[in-house]
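# Remarks on the overall topology
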Amino acid sequence: MTLSEIKAILPTLDHVEFQLENGMYVPEHFHVTEVGMVTKHFIDCGGKIRTEKSVNFQLWNADDFEHRLKPAKLLDIIQLSEEKLGIQDAGIEVEYQTETIGKYDLEFNGKNFLLKNRQTACMAGDACGVPAEKQKVKLSDLSKSRCHPDSGCC
């Protein structure tokens, strides 16, 4: 999800809820403690220099159990970050602490914002020496496309 997408969704909501992939919800008294633009400048294992930009939201739980972040307030925070920091439209990355600080992609299911688990991956597969994943074939499909023993072709 991009920043422009969340900005379009927020005015349509009565409340803001974040849900993890395991079905658990971020407690409704969460705070958005940071909104920022993160630039990652790095070199991959193949020697290629890369740059990635993302908009970062940090969610935090405090002991103020009566706190509720309204959609309009989150939109105000986003617009302030665009104005003061020059944040551009980019994909959103969410930081949220469970056992450790996790980074999540963001999606919307029509009701809740979903924190989608992120995975590491090699960006220079051709230079890494890691073989490509073999295509999985169901044995039942093979028997349909091959000669059947009772057909007389074998």
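Here the structure is a predicted model, which is why all the values come from computation and not from measurement.

## With respect to the pattern of salt bridges
Per the stated rule, a full pass over the model turns up eight salt bridges. The salt bridge involving K103 is made with E93; its shortest N-O contact spans 3.9 Å. Of this pair, K103 sits in strand 5 (residues 101-108) while E93 sits in strand 4 (residues 92-97), placing them ten residues apart in sequence. In this structure K103 comes out as partly exposed when scored by relative accessible area, which is 44%. Ionic pairing is found between R118 and E93, a salt bridge with its closest N-O pair at 2.5 Å.

## Quick look at the environment of N22
Positionally, N22 belongs in the loop between strand 1 (18-20) and strand 2 (30-43). Spatially, the C-alpha atoms of N22 and N117 are 9.6 Å apart, while their sequence positions differ by 95 residues. Within the local environment of N22, its side chain forms a polar contact with the backbone nitrogen of M24, the two atoms lying 2.9 Å apart.

## Overview of the sheet that holds strand 1
Paired through their backbone hydrogen bonds, the strands of a sheet run either parallel or antiparallel. In space, the six strands of this open sheet follow the order 1-6-5-4-3-2, with mixed pairing throughout. Across the chains shown, the open sheet's two edge strands, defined by having one partner strand only, are strand 1 and strand 2. When strand polarity is set aside, the average angle formed by the axes of neighbouring strands in this sheet is 40°. Contacts between helix 2 (residues 71-85) and the sheet are confined to strand 2 and strand 3 (49-61), with strand 2 contributing the most and set at about 40° to the helix.

## Observations concerning the packing of aromatic side chains
Evaluated as defined, the whole model comprises three aromatic pairs. Ring centres of F18 and F30 lie 5.2 Å apart, and the angle between their planes is 85°; on these two criteria the pair is classed as edge-to-face. Placement of the pair is F18 in strand 1 and F30 in strand 2, with a sequence separation of twelve residues. Of the two residues, F18 and F30, neither departs from the other in class, the shared state being buried. Taking the centre distance of 4.9 Å and the plane angle of 45° together, the rings of F108 and F113 count as tilted. Given a relative accessible area of 0%, F113 falls into the buried group. By way of ring pairs, the aromatic residues F18, F30, F108 and F113 are connected into one cluster. Positioned above the aromatic ring of F42, the side-chain terminus of K40 is 4.8 Å from the ring centre.

So, how was this worked out
- Residues numbered from 1 in each chain as written.
- Predicted model: local features only at pLDDT ≥ 70, side-chain atom pairs only at ≥ 80, totals over all residues.
- Heavy atoms only, no water.
- Salt bridge = Lys/Arg side-chain N within 4 Å of Asp/Glu carboxyl O.
- Helix = DSSP H or I, 4+ residues; strand = E, 2+ residues; numbered from the N terminus.
- Buried < 20%, exposed > 50% of the residue type's maximum accessible area, 1.4 Å probe, protein only.
- Polar contact = N/O pair within 3.5 Å; in protein donor to acceptor, adjacent residues only side chain to side chain.
- Pairing = 2+ DSSP bridges.
- Axes fitted to C-alpha atoms, helices over the stretch in contact; angles between N-to-C directions.
- Contact = heavy atoms within 4.5 Å.
- Phe/Tyr/Trp six-rings, centres within 6.5 Å; stacked < 30°, edge-to-face > 60°.
- Lys NZ or Arg CZ within 6 Å of the ring centre and 35° of its normal.

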